[in-house]
Amino acid sequence: ARLFRDLMDGTDEGDDVVKRRAALLGCDLGRPHAPVVLSLAVDSSPAARRAALLRVLPLAQRWLGEKFPGSLIHLEAELWLVVRVRGEAPLEPLLSELSALHGLLVRELGGLTCVGVGRICRALIDYRQGFEQAQEALRVARSTRAPDGVAAFDRLGAARYLAGLAAESPTETPQDRFQQAIEELSMHDARRASGLLETLTAFLAAGGNIARTAERLYVHRNTLVQRLDKIQDLTGLDPRESDHWLALQIVLTLRQLQREG
């Protein structure tokens, strides 16, 4: 516990003392490590969260010992990890293994977890910011319901800013035409099971490419064009107009975050 506090909060004892403390635990902080924070995917009381994480802890310890020897794990409000990484591009294999751990925890315990990963730390001074980054990534992973439960700080992209905006923005604020368009499509889908919102989301994700969108939705391109025409008729916005794409994507993402956050 003291070692993790030294890494996350800093210490006046000097780097050598901290490194010796880590060495007694089998961890060489002279080598690169990734700061990782693991918690539950949904909010719960401190007591319930700790009870759940106590069940996660032995599985995570075994996984860590097998996959990343020389690492450390500690339970506080969340599980804190210092994961020994190797190679010139260590982040990808770490994220892959963390995704596998997430799957293991779902199978073994039936509960959903989220994991945040900070930047690789190569000096003791890096760890304080690294754990702050891991906490931020954890928050975004929880807000966005990351499919594999894992988010890395340097891979958050726009989701980092949108997650914060979704948490701060009241849902009762006046709607602009893009928000009104999304709500109109949502209500139409609810009444008619028309799938227009799914169509628009896929179309934007495909960068407005008709063939690629039709392939993703498993529909004929003529069917897709008819749906896009229907979207324009209902909302007054032409989804094929590229000037609308960014605003629509932001509104769709914020809507998802506010509903799932």
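Before reading on, note that the structure itself is shown above.
Structure report, in brief. The structure presented is a predicted model; accordingly, all values stated were derived computationally and were not measured.

**Considering the packing of helix α7 (residues 177–192) against helix α8 (residues 196–205)**
Orientation of α7 relative to α8, taken along the N-to-C sense of each, is 135 degrees, at an axis distance of 8 Å. Our classification of the angle between α7 and α8 gives oblique. Between α7 and α8, the contacting residues are Ile182, Leu185, Ser186, His188 and Asp189 on the first element and Leu196, Leu197, Glu198 and Leu200 on the second. Within the contact of α7 with α8, the residues separate by chemical class into five nonpolar, two polar and two charged.

**Section: the nonpolar core**
In terms of nonpolar packing, the biggest core is built from 30 residues, with Val36, Leu38, Leu79, Leu81, Leu94, Leu98 and Val117 touching the most fellow members. Apart from residues lying up to four places away in sequence, Leu79 is in contact with Val36, Val37, Leu38, Leu53, Val56, Leu57, Ala60, Ile73 and His74. With 27 residues, the next largest nonpolar core counts Leu7, Cys27, Cys121 and Ala137 among its residues.

**Concerning the pattern of salt bridges**
Taken as a whole and assessed by the stated rule, the structure comprises nine salt bridges. With a closest N to O distance of 2.7 Å, Asp229 and Arg240 form a salt bridge. Taken together, the residues span a long stretch of sequence, with Asp229 in helix α10 (residues 221–235) and Arg240 in the loop between α10 and α11 (245–260) at a distance of eleven residues. On the basis of relative accessible area, Asp229 is assigned to the partly exposed category, the value being 31%. Arg240 gets classed as partly exposed once you look at its relative accessible area, which sits at 31%.

**Observations regarding the pairing of strand β1 (residues 33–40)**
A regular strand places its side chains on the two faces of the sheet in alternate fashion. Counting buried positions along β1 yields eight of eight residues, so the element is predominantly enclosed. Looking at chain direction, β1 and strand β3 (residues 79–84) are connected through six bridges and run antiparallel. The residue of β3 that forms the bridge with Val37 is Trp80. With five bridges connecting them, β1 and strand β4 (residues 113–117) associate as antiparallel partners. Within β4, the residue paired with Leu38 across the bridge is Val115.

**Examining empty space enclosed by the protein**
Across all of its chains, the model carries one cavity of 30 Å³ or more by this definition. Of the pockets and cavities examined, the largest cavity occupies roughly 40 Å³. In this structure, the largest cavity is lined by Ala181, Leu185, Leu200, Ile231, Thr235, Leu237, Pro239 and Leu248. Counting residues per element, the ones that place at least two in the lining of the largest cavity are α7 and α10. Taken together, the residues of the lining of the largest cavity break down into seven nonpolar, one polar and no charged.

**Description of the sheet that holds β4**
Pairing within the open sheet is mixed, and its five strands lie in the order β2-β3-β1-β4-β5. Two strands lie at the open edges of the sheet, namely β2 (72–75) and β5 (150–152), each paired on one side alone. On average, adjacent strands in this sheet sit at an angle of 20 degrees to one another, irrespective of strand direction. Sitting on the sheet, helix α3 (residues 46–67) is in contact with β1, β2, β3 and β4, with an inclination near 170 degrees to β2.

Rules used in this analysis
Once a new chain begins, its residue numbering starts again from 1 and follows that chain's sequence as written. In view of the model being predicted, local features appear only for residues whose pLDDT reaches at least 70, and side-chain atom pairs are presented and counted only at 80 or more, with totals across whole chains, interfaces and linings using the full set of residues. Here the side-chain values reflect all heavy atoms present in the structure, with hydrogen atoms and water set aside. To obtain an axis, a line is fitted to C-alpha atoms, over the contacting stretch when the element is a helix, and the angle between two such axes runs from 0 to 180 degrees between their N-to-C directions. Here a helix means four or more residues in a row that DSSP labels H or I, a strand means two or more in a row labelled E, and each is numbered from the N terminus. Just so you know how the angles are binned, under 35 degrees is roughly parallel, over 145 roughly antiparallel, 65 to 115 roughly perpendicular, and the rest oblique. A contact between two residues is defined here by any heavy atoms of the two lying within 4.5 Å. In the scheme used here, Gly and all other residues not listed as nonpolar or charged are polar, with Ala, Val, Leu, Ile, Met, Phe, Trp, Tyr, Cys and Pro taken as nonpolar and Asp, Glu, Lys and Arg as charged. By nonpolar core is meant a set of buried Ala, Val, Leu, Ile, Met, Phe, Trp, Tyr and Cys residues that side-chain atoms within 4.5 Å join together. For every residue, the accessible area obtained with a 1.4 Å probe (protein chains only) is divided by the maximum for its type, and the residue is called buried under 20%, exposed over 50%, and partly exposed between those limits. Just to be clear on terms, a salt bridge is a Lys or Arg side-chain nitrogen sitting within 4 Å of an Asp or Glu carboxyl oxygen. A pair of strands is considered paired only if DSSP assigns at least 2 bridges between the two. Throughout, the protein atoms alone are placed on a 1 Å grid, and a set of points is a cavity if a 1.4 Å probe fits but cannot get out or a pocket if it is open with protein on both sides within 12 Å along at least five of seven lines; lining residues have an atom within 4 Å of a point. Grid points are joined across faces, edges and corners, and a volume is the space filled by probe spheres set on the points.

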